[in-house]
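For reference, the chains in residue letters:
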Amino acid sequence: MSVPASDDARPALDGAPLFLLDELPEAPEVLVDGAEGRHAVDVLRLTAGEPVRVGDGRGTVAEGTVLDAGPAGLRVQVAARYDVPPAEPELWLVQALPKGDRGPLAVELATELGVDRIVPWAASRCVTRWREDRVEKGLARWRAAARAASKQSRRPRVPEVAELMTTRQVCGELGDVDLALVLHEQARRPLTGVEVPSSGTVAVVVGPEGGLTDGEVVALRAAGAQVVRLGPEVLRTSTAGAAALAALSVPTRWR
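Residues numbered from 1 in each chain as written. Predicted model: local features only at pLDDT ≥ 70, side-chain atom pairs only at ≥ 80, totals over all residues. Heavy atoms only, no water.

Participant: Describe the packing of aromatic side chains, naming the residues involved and giving the relevant values.
Facilitator: For the structure on display, the rule yields one aromatic pair. Its end group placed over the ring of W92, R117 keeps NZ or CZ at 4.5 Å from the ring centre. (Phe/Tyr/Trp six-rings, centres within 6.5 Å; stacked < 30°, edge-to-face > 60°. Lys NZ or Arg CZ within 6 Å of the ring centre and 35° of its normal.)

So, in structure tokens, the structure goes:
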């Protein structure tokens, strides 16, 4: 059975685990194999009859029960299929590269809070630098974090992690969004004072631990972004984006 896309065309939030495949076949039975299958069998120890979901990370989700769990992986009997539409407004996070493991942490938090696109940004004062030989490794870590957090939070869509961008490239991207917000601790205008559109694209720009340079603020403003503050506290770069995404979701998505 296939459930047509609509506001209600999504699996119930009942805690059933979600597994992601590169391609989700149109079949009454689905095999979850490879690393996903080993995790289901060896770590989660799923057994016949338990409810599970299998998705492609692009909005299609098959809901069913386990038929068999063994060396070949997890065999699932499909009871229903859902085509979950993208949430609105589309949310972007332009994230300056944090140091150490805070980059994947920022990705995990943003993913759990519904971000649709994450743009790694090589801001001027970033402590971390992805040299040419480290770019692909850094992107792979961020993309793996987004995929894992999508499964943990039962998200039908894995957010896109774009290629590493310069400030000029980020400004070019912001020219195509409906609302761009730059978080800055010295801004006078609070985020809560911004009228957030219910559709289109909203981008949040988060600077590095060392803060934004005056030149970056000028360039981002020239690209159409508004400079705002979250609140009286100064948050880490790895958590500021998640806080902003939550605040933006209250009047739009969380209704």
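Participant: Can you explain the nonpolar core? Please cite residues and give values.
Facilitator: The biggest cluster of nonpolar side chains holds 52 residues, and the ones touching the most others in it are W121, L174 and L220. Core analysis: the second largest hydrophobic core is formed by 14 residues, V32, V54, A62 and L74 among them. (Core = buried A, V, L, I, M, F, W, Y, C linked by side-chain atoms within 4.5 Å. Buried < 20%, exposed > 50% of the residue type's maximum accessible area, 1.4 Å probe, protein only.)

Participant: Before we move on, could you go through the pattern of salt bridges and cite the residues and values that matter?
Facilitator: In total, this model carries 11 salt bridges according to the counting rule given. Put simply, R117 and E173 hold a salt bridge, and the shortest N to O gap is 2.7 Å. In this pair, R117 sits in strand β8 (residues 117-121) while E173 sits in helix α4 (residues 167-174), placing the two residues 56 residues apart along the sequence. For R117, a relative accessible area of 11% puts it in the buried group. Exposure remark for E173: the relative accessible area of 23% places this residue in the partly exposed category. Several salt bridges share partner residues, and in doing so they unite E23, D56 and R58 into one network. (Salt bridge = Lys/Arg side-chain N within 4 Å of Asp/Glu carboxyl O. Helix = DSSP H or I, 4+ residues; strand = E, 2+ residues; numbered from the N terminus.)

Participant: Could you give an account of the layout of surface pockets, with specific residues and numbers?
Facilitator: There is about 870 Å³ of room inside the largest pocket. Forming the walls of the largest pocket are 28 residues, and the residues nearest its centre are R10, V84, P85, A87 and P156. Residues that form the lining of the largest pocket fall into these classes: 13 nonpolar, four polar and 11 charged. In this model, the second largest pocket occupies a volume close to 380 Å³. As for the second largest pocket, its lining consists of 21 residues, and the residues nearest its centre are L183, E185, V234, L235 and A240. A class-by-class count of the residues in the lining of the second largest pocket yields nine nonpolar, six polar and six charged. (1 Å grid on protein atoms, 1.4 Å probe; cavity = no way out; pocket = protein on both sides within 12 Å on 5 of 7 lines; lining within 4 Å. Points joined across faces, edges and corners; volume = space filled by probe spheres on them. Nonpolar A, V, L, I, M, F, W, Y, C, P; charged D, E, K, R; others polar.)

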